[in-house]
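Coordinate inspection notes
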Amino acid sequence: MAVASPEPPPPRRGIVYDKWPFRMDVDVEYQDWVLVLVCLLLAASWALPCMCGHLRSPLAQCFSKWVYTRLHVFYCGLLYVSLIVLMFTLVVLPDWTVNSFLEYLVLFVVWVLIHLQKMVTSTVIIIAFYTVFRFRERLALASGFEYLTVFHWDWRDYVGFVGRKRRPIEVFIWKVEGLHSSSGKVLKANDLYIECHMGHNEPVRTRVHNNAGSGCTIQQSFQLNIDESSRRSLMTLMVRDQALMGRSSELARLMLSTHEICGIEDKTGKRHQLFTYSAEHFVELKLSPAGTIWVAIAPVEEGDAEERALLMTDDEDALVTC
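Criteria and cut-off values
Residues numbered from 1 in each chain as written. Predicted model: local features only at pLDDT ≥ 70, side-chain atom pairs only at ≥ 80, totals over all residues. Heavy atoms only, no water. Helix = DSSP H or I, 4+ residues; strand = E, 2+ residues; numbered from the N terminus. Contact = heavy atoms within 4.5 Å. Areas by Shrake-Rupley, 256 points an atom, 1.4 Å probe, with all protein chains shown as cover. Phe/Tyr/Trp six-rings, centres within 6.5 Å; stacked < 30°, edge-to-face > 60°. Buried < 20%, exposed > 50% of the residue type's maximum accessible area, 1.4 Å probe, protein only. Pairing = 2+ DSSP bridges. Expected span 1.5 Å × (residues − 1). Arc of directions from axis to C-beta. Axes fitted to C-alpha atoms, helices over the stretch in contact; angles between N-to-C directions. Core = buried A, V, L, I, M, F, W, Y, C linked by side-chain atoms within 4.5 Å.

1. A look at the overall build of the protein
- Regarding its fold elements, the protein presents 10 helices and 10 strands.
- In the protein, the proportion of contacts linking residues at least 24 apart, taken out of those at least 6 apart, comes to 63%.
- Within the structure as shown, the protein displays about 23,100 Å² of accessible surface, and the carbon and sulfur contribution to it stands at 64%.

2. Some remarks on the packing of aromatic side chains
- Counted under the stated rule, the structure contains nine aromatic pairs.
- When the centroid spacing of 5.2 Å and the interplanar angle of 75° are considered together, the rings of F74 and Y75 count as edge-to-face.
- A residue is classified by how much of its surface remains accessible, and F74, at 14% relative accessible area, is buried.
- The class of Y75 is partly exposed, set by a relative accessible area of 26%.
- Seen from their ring centres, W174 and F282 are 5.7 Å apart, and the 40° between their planes marks the pair as tilted. With W174 in strand β3 (residues 166-177) and F282 in the loop between α9 (258-268) and β9 (283-286), the pair connects residues that are 108 residues apart, well separated along the chain.

3. Describing the sheet that holds strand β4 (residues 192-198)
- Taken in spatial order, the four strands make up an open sheet running β5-β4-β7-β8, and their pairing is antiparallel. Every interior strand has two partners, whereas the edge strands, β5 (204-205) and β8 (249-257), have only one.
- Two elements, β4 and β5, share two bridges in a ladder whose sense is antiparallel. In the sheet register, E195 faces β5, and the bridge partner there is R205.

4. Considerations on the environment of I173
- Position of I173 relative to the elements: it lies in strand β3.
- Spatially, the C-alpha atoms of I173 and F222 are 8.9 Å apart, while their sequence positions differ by 49 residues.
- Every residue in contact with I173, bar those within four places of it in the chain, is listed here: I194, I218, Q219, Q220, F222, L237, Y277, F282, I293 and W294.

5. A look at helix α4 (residues 71-92)
- Over its 22 residues, α4 runs 31 Å from end to end, which matches the ideal 32 Å to within 8%, given 1.5 Å per residue.
- The complete set of buried residues in α4 reads F74, L78, S82, L86, T89, L90 and V92. The buried residues of α4 occupy one face: seen down the axis, they fall within an arc of 155°. Across from the buried face of α4, at angles greater than 90 degrees, the exposed residues are H72, Y80 and I84.
- Those residues of α4 that are buried are in contact with β2 (23-25), α1 (28-46), α2 (48-53), α3 (58-67) and α5 (98-114).

6. A word on unusual backbone geometry
- The omega torsion of the bond from W20 to P21 falls at -5°, within 30 degrees of zero and hence cis.
- Tracing the sequence through the fold places P21 in the loop between β1 (14-16) and β2.
- Going from S288 to P289, the amide bond is cis rather than trans, its omega being 10°.
- Relative to the helices and strands, P289 resides in the loop between β9 and β10 (292-299).
- A positive phi angle is found at Q219, which is not glycine, with a value near 50°.
- Residue classification places Q219 among the partly exposed residues on the basis of a relative accessible area of 42%.

7. Focus: the sheet that holds β10
- Spatial ordering of the open sheet is given by β6-β3-β10-β9, a layout of four strands whose pairing is antiparallel. This sheet does not close on itself; its edge strands, each paired only once, are β6 (216-227) and β9. Across the sheet, the axes of successive neighbouring strands diverge by a mean angle of 30°, strand direction being ignored.
- Its contacts with the sheet place α9 against β3, β6, β9 and β10, and it is angled at close to 80° to β10.

8. Some details on the nonpolar core
- In this structure, V171, M235, L237 and I293 are the most contacted members of the largest nonpolar core, which totals 30 residues.
- Here this core takes five residues from β6, the largest share from any one element.
- If near-sequence neighbours (up to four positions away) are discounted, V171 is found in contact with Q220, S221, F222, L224, M235, V295, A296 and I297.

Spelled out as structure tokens, the structure:
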């Protein structure tokens, strides 16, 4: 016995006017999207006072001032408007009824409650990562490790950024004065040394001056690379006391921006053959919380090709063995 094939569904007619006011006789998938869009718009309208409060347009500001003094009137009126819009949408969608909408609404609420724990956990993780990234500089400053550079890379190095102005400088340190005693030592004077951190440069340190006390003469220099296009880069000079065991304690520090480094370089960078460790060739800067440090900064001039060629010659007098 042959089984009769099911009859195909009647073709959709689009927008028809057989019932008031009209009906959207389209595929069920499109009707679902229309209903979802209406529900999202109604849900967004309930958050309209909060959204307008964060906008700076004059219209949004006027609406916020008006609605925050009449919230009870606004939400009562919005409740009636939402019910009217929702009922009108269900009327014009022939494949949807009030009972089916309530059934799917209950199923959606149950699904949200079942997955609520996972959703809350994921949201908290995302907010935590955003907070750490957004306030990373303040967190580093509060923890006292703002001078450390964890990742030695920059996205501008990989995209061929042409606006970068990297060049070497030499930092001269003459002396430090007026330091407080280290809290970790009682029967011994401070063993001072200077530690420098700046951007992608590796940390550099001077030698330790034993029994220096509240100040000493350093008379050392070191070279760093600076990027004049990165104005947020900081150079941190820390005066430390070498501990007998464990981590050295910090006595004072000085933080200089790229703009301040260039300013000190303009004052002390034009060195000549008579350069000496004296007050006329250095600037005195205050340390935090106490003390002063004498610093000079000069550009490093790269040797020309002829000088490098002399170093690479095979002449017997060019290299002297120790």
